[in-house]
Each structure stands twice: as structure tokens, then as C-alpha cells.
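Okay, here's what each chain looks like letter by letter:
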Amino acid sequence: MKLFEWEAKAVFREHGLPVPRGRVVKDPEEAAAVAQELGRPVVVKAQVLSGGRGKAGGINFAGDPAAAQAAAARLLGMMLAGEPVRSVLVEERLDIAREFYLSVTIDPALPAPVLMVSGAGGIDIEKQAATTPQLVFTQPVEIARGLQGFQVWNLLADAGLPPAAMHQGVTVATELFRLFRQRDAELAEINPLALTTAGSLVAADAKLIINDNALFRQPWVPRTRAHFDHDLEYEAAQHGLNYVKLSGSIGLLCTGAGLSLATLDLVAREGARAANFLESGGANYRNAYHGLRLVLGDPEVKVLLINTFGLVSRADVICRGLADALKELGTVKPVVAAIRGTGEEEARRIFWEELGIASCPDTESAVRKAVKMAREAQ
Ligand code: GDP
Ligand code: MN
């Protein structure tokens, strides 16, 4: 789950990380009120999940409450990278002398968390990481040993943090790493980490992505409609399902992410497009009813393709759940199935005797059949 900047900053604040004073608001008058309270020039920042807001015009400076109100009025309701601006963050404007980049993420190749620092932070860090990688310094963290103070110190010195800011820099980086672990983050990023003209470090921006597989133990993570791209994805999340809406006519319900991806590829190879990605393996096969309801409820779906390979979760158990759900939903859309794995004889019998659906022998033939039926239904 990706958090909004204002949500990430609230978490940062709980961890004692330095963030600018300010508040998130939903209307221009409130923006003026916050600027009034702060009593100094402010920055008005569009709250969207996509990055690159600075370049897209989502970051505005305002010298007084009236200008803050005008900036908020302009931003609210605007679309940034296809996402509506539902709220803006109004904060004290920092006097920035230098911009650093600081983040903690996982390097899957090591595999280990890595602390990354650059003295060339700001809005072009991705480009700089590609063109001048020597300006980005990384420190892998050995989990059992933890992040060592001297490692942080050396890294910040390499990145060119001035000696006077070193003590605070070590504290900020150490706490960011602690936050990353405690919150089960995939990414905790400060870009820019502003070195103000007064010599202190402040997180001017904040990005926090929480590992979806850890949400069960991170109950504080907000998951409102605004955190999702599509109504269906939001609804699926309420049932613990990972649903990605795509634009195509074949609804997919596959067991496991790998089989889902392989099926997506095969659908594309047949020149068709899938309507969704929905992984229903593992613990989620018990959620068959909600999964099927979402896929079949998509008006773009002309054919439902069920592709199972029962290993740990038996095919007969999965298909028992699916058959009951299909009967309850009373679907009128055609269903194509490829049922394989442990307990497949029983699973196929359930589908044939109770639903009149004959299983295809393999994924390829099921995909071809589904694509043909979807074309005929257009
Ligand atoms: P992003 O473009 O979505 O990453 O949004 P940021 O919050 O990082 O803002 C983009 C840029 O705006 C930053 O790199 C800064 O250069 C600038 N910026 C943001 N907040 C402030 C501020 O309080 N004072 C100043 N001077 N610049 C700021
Ligand atoms: Mn940024």
C-alpha cells in the first residue's frame, strides 16, 4: 500500500523525524486558514499517489493566506497523472540550501535492506541515478547486526553532508531505518531531505510504501477509496483480495500469481486482452464468492476463465468453493475452466455434474476457447 505524502509525514512525525509544520485540507478556505496559522510563506502540495508532482505543477508556493487559497483552489479537483487531487497539504515553506536524497528499500538481489543517500536529491534523482550512479551511495544492512552508526556516518559523509549537519543526519537515517522495519515498509523515502539555510535537516517530501503481505500486522495502514485506482480494486481489498482492473473482455480467476501471469501472457498471445488480474490461491480460495462476484460484475467481462492448479490448496476444495459461488451468483456469462492438480478427478466431476462445465485439458486450450467465445460474444 502506498501512502499519501501527508500520511507518510504523520508516521514520520510519530518517529520523531523532522517534518515541516502544516496540515492537509480539502477546501481553499481551510488552506488560507492554515497559512494564517503558520503565519509565514507556505507551500501548497497536491496530494496524489503518483510522484513527479513538482514537474506536473502540483507544488505551489504562496506568500500569504490569499495566495494559498488561490493555489489550493487551482489544485483541488485537478487531475495529476490521471489521478484526481482530493486534498492539498499546506506547509511552512522551507528555505532550502541543499537537497539530499535518503531512502531505505529492499535490494532483492542481495537480499537485504539498503540505505541509499545522494547529495544530488530533488526532483531528478531517478535520472541522476541512471546517468551518474556514482552520486548515489548505498549501504546494505545485515539484519541480524542492524544498521551501525559508523556505516551511516560514512555514507552521509560520502554523499557530502556537511559536518555540522552530521549528527542530525545520522539520527534521521537511523530512525528512518527503524521506521522501515517496524512498519513493514517496502520503501521509506525522503526526497528531498532539505538542508535549510539555518543548517538543519527537514523531510520536505515523504514517501512510504507498506508491504501488502504485512497488512495483517499493520492495522494502522489507511485503505480508503483514494488509495486505489478503481472501485473494483477498492472493493476487492475489503475482502483481502488483490484485484487489478485491466481493459479486456476475458475475466480471469487463477490460483496463484504465477499461473495468473502465465494465463495473462497466453491470452495476449491469442491476440485478446484480459479484464483483470485476480490471484485467488493460498488463503484466498475461501474468498471465491467475492472474487467471482467482482470479476463477473465487471460489465466488460464477456467470458470467465477459471484456471486452477491445486497443490497445497487441493483442486477439489477450490472447485467446491467456486461451484457453490457460481450457483449462488447464478451467472449468465459463459465459463471456461482448466482444472488440474491434487484432487482433479473430483474437482472436474463437481464442475461437470453440478454446473455442466467440462474442464479443458490444459491452459493453452482453455485460453483459446475463452478467446473464441469472447470474440463471438462481442
Ligand atoms: P515531488 O515532485 O512529487 O517529489 O514533490 P516534492 O515534495 O519533492 O517537491 C518537489 C520540489 O519542490 C522539491 O524537490 C523542492 O525543490 C521543492 N519544494 C518542496 N517543498 C519545498 C519547500 O518547502 N521549500 C522550497 N524552497 N522548496 C520546496
Ligand atoms: Mn519528492
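Residues numbered from 1 in each chain as written. Chains lettered and ligands numbered in written order. Predicted model: local features only at pLDDT ≥ 70, side-chain atom pairs only at ≥ 80, totals over all residues. Heavy atoms only, no water.

Q: Just to check I follow, could you spell out the coordination of the manganese ion (ligand 2) for this structure?
A: Each angle at a metal carrying four tetrahedral donors should ideally be 109.5 degrees, and each at a metal carrying six octahedral donors should ideally be 90 or 180 degrees. Only Asn191 (O) and Asp205 (OD) from the protein coordinate the manganese ion (ligand 2), and they sit 2.2 to 2.3 Å from it. With Asn191 in strand β10 (residues 185-196) and Asp205 in the loop between β11 (201-203) and β12 (207-210), the pair connects residues that are 14 residues apart, well separated along the chain. In this structure, Asn191 and Asp205 share a single accessibility class: buried. (Donors = N, O, S within 2.8 Å, 3.2 Å for Na, K, Ca; no water. Helix = DSSP H or I, 4+ residues; strand = E, 2+ residues; numbered from the N terminus. Buried < 20%, exposed > 50% of the residue type's maximum accessible area, 1.4 Å probe, protein only.)

Q: In this structure, what is going on with the packing of aromatic side chains? I would like to understand it.
A: For any pair of aromatic rings, geometry is given as the distance between the ring centres together with the angle between the planes. Scanning the model with the defined rule gives two aromatic pairs in all. Ring geometry for Phe177 and Phe180: centres 6.5 Å apart, planes at 20 degrees, overall stacked. Linking Phe177 with Phe180, this pair stays in helix α7 (residues 163-182), spanning three residues, or about one helical turn. Under the relative-accessibility criterion, Phe177 is labelled buried at 8%. Where Phe228 meets Tyr234, the ring centres are 5.8 Å apart and the plane angle is 50 degrees; that geometry is what we call tilted. Of the residues examined, Phe228 reaches a relative accessible area of 13% and is grouped as buried. (Phe/Tyr/Trp six-rings, centres within 6.5 Å; stacked < 30°, edge-to-face > 60°.)

Q: Even after reading the chapter, I still don't get unusual backbone geometry, so can you show me in this structure?
A: Peptide bonds are mostly trans, and most non-glycine residues show a negative phi. Going from Leu110 to Pro111, the amide bond is cis rather than trans, its omega being -15 degrees. Here Pro111 is to be found in the loop between β7 (96-107) and β8 (112-118). With phi around 55 degrees, Asp184 is a residue other than glycine that occupies positive phi space. On the secondary structure map, Asp184 appears in the loop between α7 and β10. The exposure class of Asp184 is buried, given its relative accessible area of 14%.

Q: Any chance you could explain the nonpolar core here in plain terms?
A: Most often, soluble globular proteins keep nonpolar side chains buried together rather than apart. The biggest cluster of nonpolar side chains holds 42 residues, and the ones touching the most others in it are Phe12, Leu102, Leu115, Leu176, Ile190 and Leu208. In terms of residues, this core owes the most to one element, α7, which gives nine residues. Leave out the neighbours within four places in its chain, and Leu102 touches Leu115, Met116, Val117, Val172, Ala173, Leu176, Ala188, Glu189, Ile190 and Leu193. (Core = buried A, V, L, I, M, F, W, Y, C linked by side-chain atoms within 4.5 Å. Contact = heavy atoms within 4.5 Å.)

Q: Where do I start with the site of ligand 1 in this structure?
A: Neighbouring ligand 1 are 17 residues, the closest being Lys45, Arg53, Gly54, Leu94 and Glu99. Lys45 places a side-chain nitrogen or oxygen 2.6 Å from an oxygen atom of ligand 1. When ligand 1 sits alone it has 560 Å² of accessible area, and the protein chains cover 86% of it. Secondary-structure elements contributing two or more residues to the shell around ligand 1 are β2 (42-46), α3 (53-56), β3 (59-62), β7 and β10. Looking at side-chain class alone, the shell around ligand 1 contains seven nonpolar, four polar and six charged residues. A domain split of the shell around ligand 1 shows at least three residues from each of domain 1 (21-92) and domain 2 (96-217). (Near = heavy atom within 4 Å. Polar contact = N/O pair within 3.5 Å; in protein donor to acceptor, adjacent residues only side chain to side chain. Areas by Shrake-Rupley, 256 points an atom, 1.4 Å probe, with all protein chains shown as cover. Nonpolar A, V, L, I, M, F, W, Y, C, P; charged D, E, K, R; others polar. Domains from an automatic or database assignment.)

Q: Please clarify how the domain arrangement of the chain should be interpreted in this entry.
A: Often the size quoted for an interface is simply the accessible area lost on bringing the parts together. Domains assigned within the chain are domain 1 (21-92), domain 2 (96-217) and domain 3 (228-377). Relative placement of domain 1 and domain 2: their C-alpha centres are 26 Å apart. At the interface, four residues of domain 1 touch four residues of domain 2. Both sides of the domain 1 and domain 2 interface together cover about 330 Å² of buried area, and 36% of this is carbon and sulfur. Broken down residue by residue, the surface that domain 1 buries against domain 2 is led by Lys45, Arg53 and Lys55, which jointly contribute 74%. Put simply, domain 1 and domain 2 have one salt bridge between them. Between Arg53 and Asp205 there is a salt bridge, with its nearest N and O atoms 3.2 Å apart. For the pair domain 1 and domain 2, the interface holds two residue pairs in polar contact (both at pLDDT 80 or more). Split into classes, the residues belonging to the side of domain 1 that touches domain 2 amount to no nonpolar, no polar and four charged. (Buried area = accessible area lost by both parts, 1.4 Å probe. Salt bridge = Lys/Arg side-chain N within 4 Å of Asp/Glu carboxyl O.)

Q: Which parts of the structure should I look at to understand the packing of helix α10 (residues 288-297) against helix α11 (residues 315-329)?
A: Think of two packed helices as two axes; the pair is described by the angle between the axes and how far apart they sit. Direction vectors running N to C along α10 and α11 enclose 50 degrees, while the axes themselves pass 9 Å from each other. By the angle class used here, α10 and α11 are oblique. Read as a crossing pair, α10 and α11 show a hand that is right-handed. Here Ala288, Tyr289, Leu292, Arg293 and Leu296 of α10 lie close against α11, whose contacting residues are Gly321, Leu322, Ala325, Leu326, Glu328 and Leu329. (Axes fitted to C-alpha atoms, helices over the stretch in contact; angles between N-to-C directions. Parallel < 35°, antiparallel > 145°, perpendicular 65-115°, else oblique. Left-handed = near helix turned anticlockwise from the far one by under 90°.)

Q: Would you mind showing me how to read the sheet that holds strand β14 (residues 250-254) here?
A: Whether parallel or antiparallel, the strands of a sheet pair through hydrogen bonds between backbone atoms. Read across the sheet, four strands follow the order β14-β16-β17-β18 without closing on themselves; strand pairing throughout is parallel. Looking at the sheet topology across the chains shown, the edges are occupied by β14 and β18 (359-360). Sheet analysis places strand β16 (residues 303-310) next to strand β17 (residues 335-341), joined by seven bridges and oriented parallel. Paired with Ile306 across the bridge in β17 is Ala337. (Pairing = 2+ DSSP bridges.)

Q: Mind showing me how you'd approach α11 here?
A: The α-helix winds at 3.6 residues per turn, so residues separated by three or four positions along the chain end up facing the same way. Look at α11: 20 Å from first C-alpha to last across 15 residues, which is about the 21 Å you get at 1.5 Å a residue. The elements touched by buried residues of α11 are β14, α10, β16, β17 and α12 (344-355). Once α11 finishes, Gly330 follows within two positions and takes phi at roughly 55 degrees, a positive value. (Expected span 1.5 Å × (residues − 1).)

Q: Explanation requested: empty space enclosed by the protein in the structure shown.
A: With a probe scaled to a water molecule rolled over the atoms, the places where space remains empty come into view. Taken as a whole and judged by the stated rule, the model has one cavity of 30 Å³ or more. Here the largest cavity defines a volume of roughly 30 Å³. With three residues, helix α13 (residues 363-377) is the largest single contributor of residues to the lining of the largest cavity. (1 Å grid on protein atoms, 1.4 Å probe; cavity = no way out; pocket = protein on both sides within 12 Å on 5 of 7 lines; lining within 4 Å. Points joined across faces, edges and corners; volume = space filled by probe spheres on them.)

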